[in-house]
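Reading the structure
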Amino acid sequence: MFLTLTPNPCLEKTFRVPNFATSGSFRIGADAIRENVGGKGINAARVAARFGMRSIALAPLGPNLREYLQKLASAEAFELYAIEVEALTRTCHNVVSDTTSTELLEAGYPLSVGEGTKLFEAWRAHLGACEMALIGGSYPPSDNGAWLQHASILCSMARAANKKLIYDGKGEAFRRAVFGAHSPWAIKPNVEEARELLRTPIETRDEERAAVRQLRHRGIELVLLSCGARGLWVGWENEIEWFAAPRVTTVSAVGSGDSLCGAFAAKYLETGDVWESVRWGVAAGSANAARLEAASVGPDEVAALVPQVRRELGEIRLMN
Ligand SMILES: Nc1ncnc2c1ncn2[C@@H]1O[C@H](COP(=O)(O)OP(=O)(O)OP(=O)(O)O)[C@@H](O)[C@H]1O
Ligand SMILES: [Mg+2]
């Protein structure tokens, strides 16, 4: 079983608006609107479930959207486990036009201390039964920094339970967890998130590679540094390798990283082979970019792209 936790879930609304501009009024037909249960851990669970892996997604859900999100999830292959909270659940909008994609992301609404404890309890209750776990996305905002240590404790709990944990996060809670006493097994920052994590500029391929090396030296066993349409750096065991992404006609790349994580987890649990699973992860990210819906890719469309993922050993060795 693949277990995910999404501390800051959302109702994800995707609109296709061909002539979208930043001012004006746009009427959008129902066929150009997609609604999904969203948030990075939920997205990863959806993709892993499409790959046939039993997946449970834990998320705090507020009274405004709890029933609706559970209804949307009931049509899906993953299991959504609602941690019932009073804090409202956010809505995130993605407007896809012919040439641009514009995201309007509500930051989220603060959880109470008691609600944070409920997250710990749900995590502890489910960890024992999973083979791999993932924490996905940001934390809801908090005025007093109450959440900054929360993710570190979740990581410690996964370590104590001897579970492989992927953390696809951002912000200060992520940073503290990654560099805390019990760092996760794997992380999947994109370049911007890696900059924030290491507080260093990352502009060139050499700097990307150096960032992977630095994160490996900080104790992360598997570093997946994703670089959008270009591809993925992988730091694992004694190697740092580049996987070039298949070229696709991009519709919306929102959720490509989540698709990568979900497909990677499903394939890793099936094969135990990091390099093979990475190949599927990269292909899943690209398949996602070719679609309107975020993180809804399935095994057939991904399998079609796997042969186009190029592992570029020679080039990387030259860069040593
Ligand atoms: N436009 C694209 N064309 C082809 N492949 C893509 C494209 N965008 C992303 N990918 C693939 O998906 C992977 C993950 O993408 P990206 O780096 O954008 O993740 P991300 O920023 O974490 O996304 P998100 O957080 O929205 O899920 C990339 O490493 C690449 O393999
Ligand atoms: Mg991401």
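Remember, it's a predicted structure, so these values are computed and weren't measured experimentally. (Residues numbered from 1 in each chain as written. Chains lettered and ligands numbered in written order. Predicted model: local features only at pLDDT ≥ 70, side-chain atom pairs only at ≥ 80, totals over all residues. Heavy atoms only, no water.)

1. Some details on the nonpolar core
What counts here: To define a nonpolar core, start from buried Ala, Val, Leu, Ile, Met, Phe, Trp, Tyr and Cys residues and group those joined through side-chain atoms within 4.5 Å. Only protein chains enter the calculation, and the probe is 1.4 Å; a residue is then buried if its accessible area is under 20% of its type maximum, exposed if over 50%, and partly exposed in between. Contacts are assigned to residue pairs with any non-hydrogen atoms lying within 4.5 Å of each other.
Membership of the largest hydrophobic core comes to 47 residues, with the highest contact counts inside it found for Leu3, Leu58, Trp123, Leu127, Tyr167 and Ile187. Ignoring anything within four residues of it in the chain, the contact list for Leu127 reads Leu3, Ala133, Met157, Ala158, Ala161 and Lys163.

2. A closer look at the pairing of strand S9 (residues 164–169)
The cut-off we apply is this: Secondary structure follows DSSP: runs of H or I at least 4 residues long count as helices, runs of E at least 2 residues long count as strands, and numbering of each begins at the N terminus. DSSP calls a pair of strands paired once it identifies at least 2 bridges connecting them. Note on handedness: a crossover is taken as right-handed if, strands pointing away from the viewer, the path from the first strand over the helix to the second is clockwise.
Most of S9 is tucked away: 5 of the 6 residues are buried. In this structure, strand S8 (residues 132–137) lies alongside S9, joined through 6 bridges in parallel fashion. Along S9, the bridge assignment pairs Met132 with Lys164. This β-α-β element, S8 to helix H4 (residues 150–160) to S9, shows right-handed connectivity. Here S9 pairs with strand S10 (residues 186–187) via 2 bridges, running parallel. Looking at the pairing, Ile166 lines up with Ala186 of S10.

3. With respect to the environment of Arg159
Under the convention used in this document: Any pair of N or O atoms that falls within 3.5 Å is considered a polar contact. Within protein, one atom must be able to donate a hydrogen and the other to accept it, and sequence-neighbouring residues count only if both atoms are side-chain atoms.
In this structure, Arg159 sits in helix H4. The exposure class assigned to Arg159 is partly exposed, which follows from its relative accessible area of 42%. Separated by 23 residues in the primary sequence, Arg159 and His182 place their C-alpha atoms 6.6 Å from one another. When near neighbours in sequence (up to four residues on either side) are disregarded, Arg159 contacts His182 and Ser183. Polar side-chain contacts of Arg159 include one of 2.9 Å to the backbone oxygen of Ser183.

4. Some words on the packing of helix H6 (residues 191–198) against helix H7 (residues 205–217)
What counts, and what does not: Only the stretch in contact is used when fitting a helix axis, every axis being a line fitted to C-alpha atoms; angles between N-to-C directions are given from 0 to 180 degrees. Put simply, angles under 35 degrees are roughly parallel, angles over 145 are roughly antiparallel, angles from 65 to 115 are roughly perpendicular, and the rest are oblique. In a left-handed crossing the near helix is turned counterclockwise from the far helix by less than a right angle, and in a right-handed crossing that turn is clockwise. Three classes are used, and their members are as follows: Ala, Val, Leu, Ile, Met, Phe, Trp, Tyr, Cys and Pro are nonpolar, Asp, Glu, Lys and Arg are charged, and the others, Gly among them, are polar.
Running from N to C, H6 and H7 cross one another at 55 degrees; their axes reach a closest spacing of 11 Å. Taken as axis vectors, H6 and H7 run oblique relative to one another. Here H6 runs over H7; the crossing is left-handed. Across from Val191, Leu197 and Leu198 in H6, the residues of H7 making contact are Glu208, Ala211, Gln214 and Leu215. For the contact of H6 with H7, a count of residues per class yields 5 nonpolar, 1 polar and 1 charged.

5. Structural notes on the state of the cysteines
For clarity, the cut-off: Counting rule for disulfides: a pair of cysteine sulfur atoms within 2.5 Å.
Inspection of every chain in the model, using the stated rule, returns 0 disulfides. The cysteine Cys92 is free of any disulfide, with Cys10 supplying the nearest cysteine sulfur at 3.7 Å. The class of Cys92 is buried, set by a relative accessible area of 6%. With no disulfide of its own, Cys227 has Cys261 as its nearest cysteine by sulfur position, at a separation of 14 Å. Among the residues examined, Cys227 registers a relative accessible area of 9% and is labelled buried.

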